[in-house]
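An overview of the molecular structure
Listed below, chain by chain, are the residues.
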Amino acid sequence: MKLYYAPGVCSMAAHIVAVEAGLTLDLVKVDIRSEPHRVEDGRDLKAVSAKGVVPVLELDNGEILTEGVAILLYLADKKPDAMLAPEQGSFERYRLQEWLTFISSELHKTFSPWLFHPEYGAQAAEVAKERLRQRFDILEAHLATQDYLVGGRFSIADAYCFTIMNWSRGLRIDLGAWPNLIRYLAEIAERPGVRMTLVAEGLRK
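Right, let's walk through the structure included here. The residue numbering used here restarts from 1 in each chain and proceeds along that chain's sequence as written. For this predicted model, a pLDDT threshold of at least 70 governs which residues receive local features, and a threshold of 80 or more governs which side-chain atom pairs are given and counted, while totals over whole chains, interfaces and linings are taken from all residues. In computing side-chain properties, one takes all heavy atoms of the structure into account and sets aside hydrogens as well as water.

Time to look at the pairing of strand β1 (residues 2-5). With 4 bridges connecting them, β1 and strand β2 (residues 26-31) associate as parallel partners. Paired with Tyr5 across the bridge in β2 is Lys29. A right-handed crossover is one whose linking path, passing over the helix from the first strand to the second, runs clockwise when the strands point away from the viewer. We count a stretch as a helix when DSSP gives it H or I for four or more residues in a row; a strand needs E for two or more, and each element gets its number in order from the N terminus. Crossover β1 to β2 through helix α1 (residues 11-21) is right-handed. Of the strand pairs in this sheet, β1 and strand β4 (residues 56-58) are connected by 3 bridges, and their pairing is antiparallel. Paired with Leu3 across the strands is Leu57, a residue of β4. DSSP bridges decide pairing: two strands pair if at least two such bridges lie between them.

So, in structure tokens, the structure goes:
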């Protein structure tokens, strides 16, 4: 399988999950600062996927899978023994999907693009930050009694949440008001699979 990725962006969640599951991925770097986005061999990413954004997972049979949540679920189900997603049909599986949806719609799409495009203006950035604070409150309350988002163990939801929340460092968002969230992120950052991914993407020595 090939994962088309860019360092530190949402595709990192799929990279983390593959490492945690012991799945082998061929990593194909994409320059998301170029327009159009260019694969490392010079191709337009749209030659691989019409959407032209990462992550893109190319299966060994040539099938192309896009959208981060779909890719995370696919990778988890490829290696059920890794227990990165609850069993299909269980209520915990729906809890997982609940958190994946929250991260995708309430965190990911509030961070991006509003806080990554200064040309949108300071007012848009402040509105986004206020919305994020409210979402951080939700995570903080949950993590006051839970070590992870779902089922008391690390899952694909945690890989996704860590990836998105890691953006707060680059954007210099102070998380001091959310100590449980800080603890959660610090503990995930020290997981061997997460550390390996950060090193591989050039985000940690």
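With that settled, the discussion passes to the pattern of salt bridges. We count a salt bridge whenever a side-chain nitrogen from Lys or Arg sits within 4 Å of a carboxyl oxygen from Asp or Glu. Counting across every chain of the model gives 11 salt bridges. The shortest N-O distance in the salt bridge between Arg204 and Glu190 comes to 2.9 Å. Remark: Glu190 occurs in the loop between α7 (179-189) and α8 (192-200) and Arg204 occurs in the segment after α8; sequence separation between them is 14 residues. The buried label goes to any residue with under 20% of its type's maximum accessible area, the exposed label to any with over 50%, and the partly exposed label to all in between, with areas taken from a 1.4 Å probe on protein chains only. Its relative accessible area of 42% is what places Glu190 among the partly exposed residues.

What tends to happen in soluble globular proteins is that the nonpolar side chains get buried as a cluster. Ranked by internal contacts, the top residues of the largest apolar core, which has 59 residues, are Leu107, Phe136, Leu139, Leu149 and Met165. Dropping the residues within four chain positions of it, Leu107 is found in contact with Phe102, Leu132, Arg135, Phe136, Leu139, Cys161, Ile164 and Met165. Formed by 10 residues, the second largest nonpolar core is a distinct cluster that contains Ala6, Val30, Val39 and Val48. Definition used in this section: a nonpolar core is a set of buried Ala, Val, Leu, Ile, Met, Phe, Trp, Tyr and Cys residues joined via side-chain atoms within 4.5 Å. Only heavy atoms enter the contact rule, under which two residues are in contact if any of them lie within 4.5 Å.

The subject of this paragraph is the pairing of β2. Sheet topology note: the β2/strand β3 (residues 38-39) ladder contains 2 bridges and is antiparallel. Looking across to β3, one finds that Asp31 is bridged to Arg38. Count of turn residues in the β2/β3 antiparallel hairpin: 6 residues.

Relative to each other, α1 and α8 sit at 130°, their axes nearing to 9 Å. Taken together, the axes of α1 and α8 are oblique relative to one another. Between α1 and α8 lies a crossing whose hand is right-handed. Touching Met12, His15, Ile16, Val19 and Glu20 of α1 are Gly193, Val194, Met196, Thr197, Leu198 and Ala200, all from α8. Between the N-to-C directions of two axes lies an angle of 0 to 180 degrees, each axis being a line fitted to C-alpha atoms and, for a helix, fitted only over the stretch in contact. For this classification, under 35 degrees means roughly parallel, over 145 means roughly antiparallel, 65 to 115 means roughly perpendicular, and everything else is oblique. Note on convention: the crossing is left-handed when the near helix lies turned anticlockwise from the far helix by less than a right angle, right-handed when the turn is clockwise.

Right, let's talk about the side chain of Ser34 for a bit. Looking at the element boundaries, Ser34 is found in the loop between β2 and β3. Side-chain atoms alone can form a polar contact between residues adjacent in sequence; in general such a contact is a pair of N or O atoms within 3.5 Å, and within protein one must be able to donate a hydrogen while the other accepts it. Within the local environment of Ser34, its side chain forms a polar contact with the backbone oxygen of Asp31, the two atoms lying 2.9 Å apart. Within the structure, Ser34 has its side chain in polar contact with the backbone nitrogen of Arg38 (distance 3.1 Å).

Let us look at the sheet that holds β4. Across the sheet, which stays open at both edges, the 5 strands sit in the order β3-β2-β1-β4-β5 with mixed pairing between neighbours. Each edge of the open sheet carries a strand with a single partner, namely β3 and β5 (64-66). Packing against the sheet, α1 makes contact with β1 and β2, and its axis sits at approximately 145° to β1. The sheet strands contacting helix α2 (residues 68-78) are β4 and β5, and the helix crosses β5 at an angle near 120°.

Quick look at the state of the cysteines now. Disulfides are defined as cysteine sulfur pairs within 2.5 Å. By the definition in use, this model includes 0 disulfides. Here Cys10 stays free of any disulfide, with the sulfur of Cys161 as its closest cysteine sulfur at 14 Å. On the basis of relative accessible area, Cys10 is assigned to the buried category, the value being 16%. Judged by its relative accessible area of 0%, Cys161 falls in the buried class.

Before going further, it helps to spend a moment on the layout of surface pockets. Space inside the largest pocket adds up to approximately 1,500 Å³. In the cavity and pocket records, a cavity denotes points on a 1 Å grid over the protein atoms alone where a 1.4 Å probe fits but cannot get out, a pocket denotes an open set with protein on both sides within 12 Å along at least 5 of 7 lines, and lining residues are residues with an atom within 4 Å of a point. Around the largest pocket, the lining is made up of 46 residues, and of these Gly8, Val9, Cys10, Phe116 and Trp167 lie nearest the centre. The residue classification treats Ala, Val, Leu, Ile, Met, Phe, Trp, Tyr, Cys and Pro as nonpolar and Asp, Glu, Lys and Arg as charged. All others, Gly included, are polar. Across the lining of the largest pocket, the residue classes tally to 27 nonpolar, 11 polar and 8 charged. Grid points are joined across faces, edges and corners, and a volume is the space filled by probe spheres set on the points.

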